[in-house]
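Report on the structure
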Amino acid sequence: MSMKFDIAFSASAVIDGGLAIQLKLSGDAVAASVAEVDPQAVAVRAAGIAKFKGKALSTLDILAPAGSKADRLIVLGLGKADKLTAYDWLKAGGVAAAAVKTMEKVTVFLDAPGADVGAAEAADFATGMLLRAYKFDTYKTKKKDDDEDKSPKTVTVTIVTAKADAATEQFVSAKAIAEGVILARDLVNLPPNVLGPIEFAQKAKDLESLGVDVEILTETEMTELGMGALLGVAQGSSRPPRLAIMTWNGGTPGDQPVAFVGKGVVFDTGGISIKPSLGMEDMKGDMGGAAAVTGLMHTLAARKAKANVIGIIGLVENMPDGNAQRPGDIVTSMSGQTIEIVNTDAEGRLVLGDALWYCKERFKPRFMIDLATLTGAIVVALGNLHAGLFSNDDALADELTQAGETSGEKLWRMPLSKDYDKMIDSRFADMKNSGGRQAGSITAAQFLKRFVGDTPWAHLDIAATALNSPQNEINQSWASGYGVRLLDELVRRNYEN
């Protein structure tokens, strides 16, 4: 269960116990604290003894400062003023949240001397606190005494800043971003026996409460549409597939929408080409792309984004029963192109192929971006610090890269070329669904490219960043919610009226 922060902004605050946090830029001296927090300047002396310089994200923790009305005082380092970014303010909020521990009241004095603290920085700091507080322990019923979580369920946080009114207004949108990330994390963390295709589709349907139009296609409608690629993946599971179409009309009526498509394999055994058992439990997260798209649609609707946006998620389970598709089968996609199945564990691209074609044909979007935990090859290539970016459009790729730098959800562009197409040519069909081990992430992208036509398109392979990624200042969860902040930044910066 996440610790709940009740956050408010104020131009001033009265200290009555609890934790006080003061921010500091890097340098030799600690500025004098607010008088009622540290009337005897204990922090100045403590900083000298500890040689605390205000290095980025470092902390100086003082218990019961002499004469203070606060029970604890933390000085939080920001680093150098000219190096501060929006992501740094987010991380600073995360460090502050981690310091709360058993305190029920927190007062943050945000206006560090020498720092340019505006409404955006205040909102980012608060968002970082919300993201760091997230914890998924829904299914834990018992804890050892020494591991018992003694944190209060609700913590009252007052962020003191001269820009309090503007920060309060901006935090409405920032909080919507945090909610979208947390929704994506929850979806990826949920066990596969709880979150099947039908249940996931209902999670998308729940967004109607925010004003999102949601349509759910069953196997009947998908059969009529000819989605043989997606349906082939699902045919080995007793749980039927779903395609969820989420529409947010926040822009000018009639304006061409932007579109996001997510791979939603709720559990991936590999099918007949079964995966090794070691680590297979992690394949509950093979729907990280669909989770990100769903979280993004929540964010855009909750903050009333001035854009027309389509979100489509293909939801299936890949299982190896007697009805499962086999290596050697040939399926016909909605596009009419035929696909030889050479590896049933290369299933996500089959789901996305039909979903991308459907999106392109029905909505004629300005661009399409798909997100998928698609290949282990991208993990080998990039590790878990960047997601792979493939695109047929340089302008879109540049916008995505810049959004990644701003949000901290970074991308690295990978190549596409006709030469790689040869690796997925089939002797028996228009293409095969795997080009083998070499250039695995690239040939997967080349496969998807065959379903987008002339529409500007980008494919984000998030296999290493959506789940089991390194814990950091704003995420301590197995599921990161990667993609929500990245794509919200893309839309906000480039595509809102």
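Here, the structure is the one placed above.
Residues numbered from 1 in each chain as written. Predicted model: local features only at pLDDT ≥ 70, side-chain atom pairs only at ≥ 80, totals over all residues. Heavy atoms only, no water.

As a further point, take the nonpolar core. Here is a general trend for soluble globular proteins: nonpolar side chains tend to be buried in one another's company. Phe5, Phe125, Phe260 and Ile369 are the most contacted members of the largest nonpolar core, which totals 100 residues. Setting aside anything within four residues of it in sequence, one finds Phe260 in contact with Val293, Leu296, Val309, Ile310, Gly311, Ile312, Phe367, Ile369, Leu487, Leu490 and Val491. Among the nonpolar cores identified, the runner-up in size contains 40 residues, and Leu350, Ala372, Leu374 and Phe451 belong to it. (Core = buried A, V, L, I, M, F, W, Y, C linked by side-chain atoms within 4.5 Å. Buried < 20%, exposed > 50% of the residue type's maximum accessible area, 1.4 Å probe, protein only. Contact = heavy atoms within 4.5 Å.)

This paragraph deals with the pattern of salt bridges. All chains considered together, the criterion is met by 21 salt bridges. Note that Lys263 is salt-bridged to Glu347, the shortest N-O span being 3.4 Å. Taken as a pair, Lys263 in strand 9 (residues 258-268) and Glu347 in the loop between strand 12 (338-340) and helix 9 (348-363) lie far apart in primary sequence, 84 residues in all. In terms of burial, Lys263 and Glu347 fall into one category: buried. Here Arg413 and Asp394 are joined by a salt bridge, their closest N and O atoms 2.9 Å apart. Taken together, the residues Arg413 in strand 15 (residues 411-413) and Asp394 in helix 11 (residues 394-407) connect sequence positions 19 residues apart. Taking the relative accessible area as the measure of exposure, Asp394 reaches 52% and is therefore exposed. Beyond isolated ion pairs, a larger network of salt bridges with shared partners links Arg303, Asp488, Arg492 and Glu496. (Salt bridge = Lys/Arg side-chain N within 4 Å of Asp/Glu carboxyl O. Helix = DSSP H or I, 4+ residues; strand = E, 2+ residues; numbered from the N terminus.)

As a further point, take the packing of aromatic side chains. Considering all chains together, one arrives at 5 aromatic pairs under this definition. Between Phe9 and Phe171 the ring centres are 5.5 Å apart and the planes differ by 70 degrees, which places this aromatic pair in the edge-to-face class. Here Phe9 is found in strand 1 (residues 4-10), whereas its partner Phe171 is found in helix 4 (residues 164-189), with 162 residues between them in sequence. Overall, Phe9 belongs to the buried group, its relative accessible area being 12%. Taking relative accessible area as the criterion, Phe171 reaches 9% and is therefore assigned buried. Between Phe447 and Phe451 the ring centres are 5.3 Å apart and the planes differ by 40 degrees, which places this aromatic pair in the tilted class. On the basis of relative accessible area, Phe451 is assigned to the buried category, the value being 1%. The ring of Trp357 has Lys360 lying over it, and the distance from NZ or CZ to the ring centre is 3.7 Å. (Phe/Tyr/Trp six-rings, centres within 6.5 Å; stacked < 30°, edge-to-face > 60°. Lys NZ or Arg CZ within 6 Å of the ring centre and 35° of its normal.)

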